[in-house]
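Coordinates in review
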Amino acid sequence: MVVTSLTEEQKKLAKQGWYWGPITPWEAEGKLANVPDGSFLVRDSSDDRYLLSLSFQSHGKTLHTQIEHSNGRFSFLEQPNVEGHTSIVDLIEHSIRDSENGAFCYSRSRLPGSAAYRVRLTNPVSRFMQVRSLQYLCRFVIRQYTRIDLIQKLPLPNKMKDYLQEKHY
C-alpha cells in the first residue's frame, strides 16, 4: 500500500484538466451547461467538511456530490466496508474505466429517502480548454503549494495575501 500526503495528492490533481480548483457549484453548472450526460469536472468543495466535489451531467441536469476522504482513501460515498482509492486521480480514472465498460458510479443525497443517481463519467470537461486570467492562475498555483495558514508569511503586499486567502464560495 502506498500512502501519499495530501500535498502530493494536490500536486497530482493540479495536473488534471478535469480539476477546476476553487470554482463555485454555480460556476460548475455553467461549465457543464449544454454538454452531454457523462460530462464531469472535479472542484474544491464549497462544504468545509470536504476537500473536493464532483459536478456531473446526468439525465440532462447538473448534479454535485462530495468526494469522501477517510482513513487515507477517497470515494464518492461513505462506504466503511468498501475500499476506496488511495489517490483522487485513481478514483476518477477507475470511475471513467467503469463507465466505459457499462458499470455505473452511484451518488446520493445525504437526505433520508432521497434517490440514488446512476452516474457515468465519460466526458471530462477540461479547464485547459479555457484561457484563465493571470490572477486566477497565480492564486491556483500558490494555493496548491502553500498551506492557507502560511499565506500571511509570504513576502507579498497585504492586499494580495487577502486575495489569496479569500473564500471562493
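Residues numbered from 1 in each chain as written. Predicted model: local features only at pLDDT ≥ 70, side-chain atom pairs only at ≥ 80, totals over all residues. Heavy atoms only, no water.

1. A word on the side chain of Thr 146
What counts is decided by this rule: By definition, any uninterrupted DSSP run of H or I lasting at least four residues is a helix, any uninterrupted run of E lasting at least two residues is a strand, and each is numbered from the N terminus. In this scheme, a residue with accessible area under 20% of its type's maximum is buried, one over 50% is exposed, and one in between is partly exposed, where area comes from a 1.4 Å probe on protein chains only. Throughout, a contact is declared for two residues whenever any of their heavy atoms are within 4.5 Å.
As for its position among the elements, Thr 146 is in the loop between α4 (134-145) and α5 (158-165). Judged by its relative accessible area of 18%, Thr 146 falls in the buried class. When sequence neighbours within four positions are dropped, the list of residues in contact with Thr 146 reads Ile 151 and Leu 154.

2. Side note on the side chain of Ser 99
Rules: Any pair of N or O atoms that falls within 3.5 Å is considered a polar contact. Within protein, one atom must be able to donate a hydrogen and the other to accept it, and sequence-neighbouring residues count only if both atoms are side-chain atoms.
When you line up the elements, Ser 99 lands in helix α3 (residues 88-100). Within the local environment of Ser 99, its side chain forms a polar contact with the backbone oxygen of Ser 95, the two atoms lying 2.9 Å apart. Excluding its chain neighbours within four sequence positions, the residues that come into contact with Ser 99 are Val 119, Arg 120, Leu 121 and Thr 122.

3. A word on the pairing of strand β3 (residues 61-70)
Let me state the cut-off plainly: Strands are treated as partners if at least two bridges between them are detected by DSSP.
Bridging between strand β2 (residues 52-58) and β3 involves seven bridges; their strand directions are antiparallel. Opposite Leu 52, over in β3, you have Ile 67 as the bridge partner. Where β2 folds back onto β3 in an antiparallel hairpin, the turn is made up of two residues, including His 59, whose phi is positive at roughly 55 degrees. Examined bridge by bridge, β3 and strand β4 (residues 73-75) share three bridges and lie antiparallel to one another. Across the sheet, residue His 69 finds its bridge partner in β4, namely Phe 74. Two successive antiparallel strands, β3 and β4, enclose a turn made up of two residues, where Asn 71 displays a positive phi of approximately 55 degrees.

4. With respect to the sheet that holds β2
Read across the sheet, five strands follow the order β4-β3-β2-β1-β7 without closing on themselves; strand pairing throughout is mixed. What marks the edges here is a single partner per strand, and that holds for β4 and β7 (123-124).

5. Things to note about the packing of aromatic side chains
Going by this rule: Under the pairing criterion, centres of Phe, Tyr and Trp rings, with the six-membered ring standing for Trp, must be within 6.5 Å; the plane angle then separates stacked pairs below 30 degrees from edge-to-face pairs above 60, leaving the rest tilted.
Evaluation of the coordinates by the stated rule reveals one aromatic pair. When the ring of Tyr 19 is compared with that of Phe 140, the centres are 5.8 Å apart and the planes differ by 50 degrees; the resulting orientation is tilted. Pair noted here: Tyr 19 is in the loop between α1 (6-14) and α2 (25-31) and Phe 140 is in helix α4, with a separation of 121 residues, a long-range link. As far as burial versus exposure is concerned, Tyr 19 and Phe 140 are alike and both buried.

6. A closer look at α5
To keep things clear, this is the line we draw: In this context, the arc is that of the directions from the helix axis out to the C-beta atoms.
Those residues of α5 that fall on the buried side of the exposure criterion are Lys 161, Tyr 163 and Leu 164. The arc enclosing the buried residues of α5, seen along the axis, measures out at 160 degrees, which places them on a common side. Facing away from the buried side of α5, by more than 90 degrees, are the exposed residues Asn 158 and Lys 159. For α5, the secondary structure elements touched by its buried residues are α4.

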